[in-house]
Each structure stands twice: as C-alpha cells, then as structure tokens.
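Residue-level structural notes
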Amino acid sequence: MAKKTTKKAQPALTKAQPALTKAQPALTKARIFKELGLSARLKGANCGGEWFASSGDWLDSRNPATGELLARIEQADNADYAKVMKAAKESFLAWRMLPAPRRGEVIRQFGDALRAKKDMLGALVSLEMGKILTEGQGEVQEMIDICDYAVGLSRTLSGPTLQSERPKHRMMEQWHPLGVVGVISAFNFPVAVWAWNSALAWVCGDSVLWKPSSKTPLCAIACQNIANEVFQANGLPAGLTCVVIGKGSSVGEVMINDHDLPLISFTGSTKMGRRIGGVIGERLGRSILELGGNNAIIISDKADLTCALASSFFGAVGTAGQRCTSTRRLIIHEKVYATFLQKLIANYKRVRIGDPLDPATLMGPLIDEGAVADFEKAIVAAKKQGGKVLYGGKVLKPFGVPTFVEPTIIELKNEAEIVQTETFAPILYVMKYKKLTDAIAMHNGVPQGLSSSIYTDSLAEGERFLSAEGSDCGIANINIGTSGAEIGGAFGGEKETGGGRESGSDCWKTYMRRQTNTINWGGEIHLAQGVEFHP
Ligand code: NAD
C-alpha cells in the first residue's frame, strides 16, 4: 500500500526551492578572482608552495574586451627558473617510483577539482583571453576529459613481449618515466594545452615545468593553484607541477636550451616553432611541435549544405578565428557556390559581437591590438592581391578599445600570398572548384597541414579525401568541420604545423623512455645472428 505523504516531509521540499529559483550571481571579476585565489598583485613562479619572483619586472594582464587592468604579475627571472627546475627534478625522483595507478588516482582527484571549478575557470578564460563563455567552459571540459583519459592510461601503459631468436631467452619492451617535461603554450588555449600535456606527463611519471603565454598569466596561476591543492592533499613532493611566468626571450630561451628538459612540448606560431625546434634539435632533445594551421573545408555539390553551413560558420567565426583549427579557407563546388555563400553571409550578419562573459555573445574580441593590426594588414594585402571583401573587414570598439573586428569573408585565389599565410583572426577566404582533383590540390596547396574536412554525401568522394592521394593534414574529417577535436585522438599536424602529436591514441609514448630488454634464463650464451666467438 502506498505510504501517505506526511506533512512533515513537505517543508524540506519547499525549503529547497527558493535556492533553485535564486538568480545566479553575475560572473564578476571579483567573484572569479576570489574563487580561483587571484589578486591584484601576484608573483610569477611556483613549484608547489608559495608564489615567488625576484625580477622586479611586472607584467600587466588586461581584459582584451575593455582594456581594464586585471592584475600585475612580477615575472620570473633566471634565478627563479633555477629554483623551480631544482624542485621539478627532485620531485621526479620520487614520483617516477610511485605505481602508475596511484599516479592515476591523483589525476582523478585533479579532474574532480576541475569539475568543481569548471564555471569559474571557464569564466576566467573568457575574462583574460576573450573567448565566449561556452567556449571557455568547453576548454575546461577538455581538461577534465584528458584527466579521465589519463586515469584509464594509468593501468594500460604497456609494452609488448617479443619473440627472441635465441633459445630460452625472452624479449620485452618497457616504458619508463622520462624526466621533467617542459610545456610552452600559446595564448589561445590558455588552460587546456597545459592539461593535455600535464595529465599525460604526470601519469607517465614525469614532472612538469610550464611557461604559459605572457598574454594569459592569470589562467596559468589559477591552474597551478588548483593542481597545488590536489598534490598537497596527497602529501606529494613540491615540484611535480611548476610554473614560470616570464619573457620568452629570457626564461623561454633558458628553457629551450636546458638539457634537464628531455622533452619540450611547444604550442605556438610556426615562426617561433622553427626557432624552438631548431634549438632543441641542436641539443638532441625531444620536442612536440604544435604550430600554425591553414585549415580548409571542401564543400561538394553532393553535400548536406545545412550541416556544411553550421560547421563553416562555427569553424570560421568561433573563438573569433583564434583557434589553430579555425576554418580559414572554403573550397566550394561551383554549382553550390553562390547559394552557399548567400546563406553564410546571412549568418555572419546575425553574429552578436560583444562581452565574452555575456551568454548571448557569439564573438568576443581578439587578444590585443597587435592581433587587430595583423587583421587589418591581411585585409589590405588581400585586396592588393585581387581579393574581394564579401562581408566584414572593419575594426570595432564596443567598449572603447579597438580589439574587436567584424568576421570577414574574402573571395580570393588559393595561390595568393596572404591565403598561404595563417592570420590569427576571423578571416575566411572562399574559392570555387569544378573537379575534386582540383579541390584537393588547392586544399593541400598551402605550407601548413593541421586540420581538414570535406562535406559530401558521396562515399567515393569522402574515401578519396581520406586516401593517400587525399588530404595531407594530421586531422581529416568527413561531414564535420575543421575546428574542435576530441581528446581521444592524436592531435597535431604535418608540414609547417610541426609534425607533433599530443593528447589521445598512443601519444603518451612521447612522454616516456622506451627500453628493450632481453632476458636469458637458459644458462648458456647464444650470440644473435648465429655469430660464434670462442677463445
Ligand atoms: P607565439 O608563437 O607567439 O607564442 C607561443 C609561446 O612561445 C608563448 O608562450 C611565448 O611566450 C613563447 N615564446 C616566445 N618567445 C620565446 C622564446 N624565445 N623561447 C621560448 N618560448 C618563447 O604564439 P601565440 O600567438 O601565443 O599563439 C598563436 C599561435 O599558436 C598560432 O599560430 C596558432 O595556430 C598556434 N597554435 C597551435 C596549436 C596546435 O595545436 N597546432 C594550438 C594552439 C595554437
């Protein structure tokens, strides 16, 4: 028989309701700062305990939308770097001996700490970097996802047992921790790139030393605070997670030349990657280079144009065109060219540009006035090289500072010099094709090779795009766009994108030291390849 609802149970329900209807407090700077342990004056070096810095050289962090000074950070100098590196090296010695599943448990807790701070950390990304709220929070979700992935890896970091040609011998492969892993990251993914690298490095038994972009130091400080809490609560040695906020030309140079960093994962421009890869290569270190892209979508006359439109729009306008995987070129079949562009332009007209912290905003600012200058230069160059601006092209100042731009569409040939270059802004070049062979040639006819896509409902066209004569990029998709990747796959690109891979699949191997072992249990010596050698 059903129990009669007692009157006593009801007040508890009604008591809970007002909390649900209560308006969410606004995402103010004060609230974000308080919840993430930030303040107006900060120091730029940390290896698990107190923050410190001794350079006397201060870096300003500003809100790119308004120009407001968010905080001042005293930068780390070479002496601070040396202190941080010492802690990173010492902590590695203990961490490498902790069984990987126990390391995984710490990363599981770190993932949970990120879940608890997801809204605030995502909002800080919007405040300091300028991407819109949903994208800032999506970036934190990516950090959580890689933690889950690393927890799984903690029980599956495995090497094969191999067949020996010698009797009563066994061969096998082991993977050992590598050392201190250096991470140098770009401004546009100010939290996720560090987590992609750190979660893998930690589970592999490495400690991590991070130099974030000087354009997003607060995001780095907030990440370090969250990680510190988790490592400290587990009684782990300081130094497993370290950060130095300092100039590329000072601490950055020390880092890339440092033989104590067997691996550096660098995310940034091709220009910087060329230099950094060169220096690390010279000292025979290992590097993961994640550099610029120039990503295209081929839109076939056999495509579902509604889906193609949604992906092209997000790919080109999302993050104000400041993703390495942003769609920069559309190669459209001549039969659907005019109709498709008409619809795309109609979408562009509806883009709500404004404060990235306002949930109604679709496009925030560029990172700074330098990025706006690059946008303007690219428009001038495109026009000179025969380009026709179909939409946009202007700089905007909704909050007084000229850091906003209109998303822009330019019709121009693939061979034009400016089309061959990555401009880190929402400029989309559009071009026509007749035959798929020509579309693929145009697609591959740029120096970069990161992300690529074809929209088609033809199986043959899709398979051809993925075949050896198809896309030459590290990422090739059918019927989804170029922008936004999941953590389960290996992420990275070919040619001037640098050839590095990070995140899922077997990328963890780069963060470890491979060792081949041969064990003789037979009591007799047999030389390989049948060589006889007796006294
Ligand atoms: P950037 O090359 O200007 O800076 C990247 C990092 O290098 C920063 O941390 C910077 O401080 C550091 N640096 C500068 N000089 C240095 C030196 N001498 N030694 C060591 N480090 C130094 O790049 P950015 O403007 O921050 O980011 C945008 C670029 O990053 C774009 O080209 C974008 O495509 C690329 N990116 C690539 C990926 C990818 O996965 N392929 C992801 C995100 C961004």
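None of the values given here were measured: they were computed from a predicted structure.

What follows concerns the pairing of strand S4 (residues 69–74). As defined by bridge partners, strand S1 (residues 41–43) adjoins S4 across 3 bridges and the pair is classed as parallel. Within S4, the position partnered with Leu-42 by the bridge is Ile-73. Bridge count between strand S3 (residues 58–62) and S4: 5 bridges; the pairing is antiparallel. In the strand pairing of S4, Asp-60 is matched with Arg-72. Where S3 folds back on S4, the antiparallel hairpin that results is connected by 6 residues, among which Gly-67 adopts a positive phi of roughly 80°.

Attention shifts here to the sheet that holds strand S6 (residues 169–177). Taking strand neighbours across the sheet as the criterion, the 3 strands line up as S5-S6-S25 in an open arrangement whose pairing is antiparallel. The strands lining the two open edges of the sheet, one partner per strand, are strand S5 (161–162) and strand S25 (512–520). Both S5 and S6 contribute to a ladder of 2 bridges, which runs antiparallel. Counted as the bridge partner of Thr-161 is Met-172 from S6.

Taken as a whole and assessed by the stated rule, the structure comprises 12 aromatic pairs. Look at Phe-187 and Phe-424: their rings are 5.8 Å apart centre to centre, the planes differ by 90°, and that puts the pair in the edge-to-face class. Here Phe-187, found in the loop between strand S7 (180–184) and helix H6 (192–203), pairs with Phe-424, found in the loop between strand S17 (408–411) and strand S18 (427–433); they are 237 residues apart in sequence, far enough to count as distant. Note on Phe-187: relative accessible area 11%, which makes it buried. Over the aromatic face of Phe-52 sits the side chain of Lys-83, whose NZ or CZ is 4.0 Å from the ring centroid.

Another point: the site of the ligand. Contacts to the ligand come from 26 residues, most closely from Ser-185, Glu-253, Ser-269, Leu-291 and Glu-422. Within the contact set of the ligand, an oxygen atom lies 3.4 Å away from a side-chain nitrogen or oxygen of Glu-290. Calculation on the ligand without its partners gives an accessible area of 860 Å², and the protein chains cover 88% of this total. Secondary-structure elements contributing two or more residues to the shell around the ligand are helix H8 (248–257), strand S10 (263–267) and helix H9 (270–282).

For the rest of this paragraph, the subject is the pattern of salt bridges. Applying the stated criterion across every chain, the model contains 26 salt bridges. The salt bridge involving Arg-323 is made with Glu-135; its shortest N-O contact spans 3.0 Å. Of this pair, Arg-323 sits in the loop between helix H10 (305–317) and strand S13 (327–333) while Glu-135 sits in helix H5 (residues 133–153), and the two are 188 residues apart along the sequence. Residue classification places Arg-323 among the buried residues on the basis of a relative accessible area of 11%. The buried category is assigned to Glu-135, whose relative accessible area is 10%. Between Glu-173 and Arg-514 there is a salt bridge, with the nearest N and O atoms lying 3.1 Å from each other. With Glu-173 in strand S6 and Arg-514 in strand S25, the pair connects residues that are 341 residues apart, well separated along the chain. Through salt bridges with shared partners, a single ionic network connects Glu-105, Arg-108, Asp-112, Arg-115 and Asp-148.

Here we take up the sheet that holds strand S9 (residues 241–244). With respect to topology, 6 strands assemble into an open sheet ordered S2-S9-S8-S7-S10-S11, the strand pairing being mixed. Either end of the sheet is taken by a strand with one partner, and the two such strands are strand S2 (45–46) and strand S11 (286–290). Pairing of S7 with S10 involves 4 bridges; the strand directions are parallel. Bridging from a neighbouring strand, Ile-184 pairs with Phe-266 of S10. Against the sheet, helix H3 (residues 78–95) touches S2, S7, strand S8 (207–211) and S9, its axis set at about 160° to S8.

A word on the pairing of S13. With 7 of 7 residues buried, S13 lies mostly within the body of the structure. Bridging between strand S12 (residues 295–299) and S13 involves 5 bridges; their strand directions are parallel. Bridge pairing links Asn-295 to Thr-327 in S13. Handedness of the β-α-β unit built from S12, H10 and S13 comes out right-handed. Note that S13 and S18 share 5 bridges and pair parallel. The partner of His-333 across the bridge, within S18, is Tyr-433.

Below, the discussion takes up the domain arrangement of the protein chain. According to the domain assignment, the protein chain consists of domain 1 (29–291 + 501–513) and domain 2 (295–495). In this structure, domain 1 and domain 2 have C-alpha centres spaced 30 Å apart. Opposite the 31 residues of domain 1 that make contact, domain 2 presents 33 residues. Summing the contributions of domain 1 and of domain 2, the shared interface buries around 2600 Å²; its carbon and sulfur component is 63%. Of all residues in domain 1, Ala-65, Ile-132 and Arg-501 give up the largest surface area on contact with domain 2, accounting jointly for 23% of the area buried on that side. Where domain 1 packs against domain 2, one counts 3 salt bridges. Of the charged contacts, one joins Arg-501 and Glu-494 as a salt bridge, the two residues approaching to 2.5 Å between their closest N and O atoms. Inspection of the region where domain 1 meets domain 2 yields 12 residue pairs in polar contact (both at pLDDT 80 or more). For the side of domain 1 that touches domain 2, the element with the most residues is H5, which contributes 6 residues. A per-class count over the side of domain 1 that touches domain 2 returns 14 nonpolar, 8 polar and 9 charged.

Structurally, Lys-131 is set in the loop between helix H4 (100–129) and H5. With a relative accessible area of 3%, Lys-131 lands in the buried category. A polar side-chain atom of Lys-131 sits 2.7 Å from a polar atom in the side chain of Glu-139. A distance of 2.9 Å separates the side chain of Lys-131 from the backbone oxygen of Asn-188, its partner in a polar contact. Once you skip the residues sitting within four places of it in the chain, Lys-131 turns out to touch Val-125, Ser-126, Gly-136, Glu-139, Asn-188, Phe-189, Thr-319 and Pro-356.

It is worth spelling out the state of the cysteines at this point. Taken as a whole, this structure holds 0 disulfides when the rule is applied. Here Cys-219 is not cross-linked by a disulfide; its sulfur's nearest cysteine counterpart is in Cys-223, at 6.8 Å. Since its relative accessible area comes to 0%, Cys-219 is described here as buried. Residue classification places Cys-223 among the buried positions, given a relative accessible area of 1%.

Quick notes on the rules
Residues numbered from 1 in each chain as written. Predicted model: local features only at pLDDT ≥ 70, side-chain atom pairs only at ≥ 80, totals over all residues. Heavy atoms only, no water. Pairing = 2+ DSSP bridges. Helix = DSSP H or I, 4+ residues; strand = E, 2+ residues; numbered from the N terminus. Phe/Tyr/Trp six-rings, centres within 6.5 Å; stacked < 30°, edge-to-face > 60°. Buried < 20%, exposed > 50% of the residue type's maximum accessible area, 1.4 Å probe, protein only. Lys NZ or Arg CZ within 6 Å of the ring centre and 35° of its normal. Near = heavy atom within 4 Å. Polar contact = N/O pair within 3.5 Å; in protein donor to acceptor, adjacent residues only side chain to side chain. Areas by Shrake-Rupley, 256 points an atom, 1.4 Å probe, with all protein chains shown as cover. Salt bridge = Lys/Arg side-chain N within 4 Å of Asp/Glu carboxyl O. Contact = heavy atoms within 4.5 Å. Axes fitted to C-alpha atoms, helices over the stretch in contact; angles between N-to-C directions. Right-handed = clockwise from strand over helix to strand, strands pointing away. Domains from an automatic or database assignment. Buried area = accessible area lost by both parts, 1.4 Å probe. Nonpolar A, V, L, I, M, F, W, Y, C, P; charged D, E, K, R; others polar. Disulfide = S-S within 2.5 Å.

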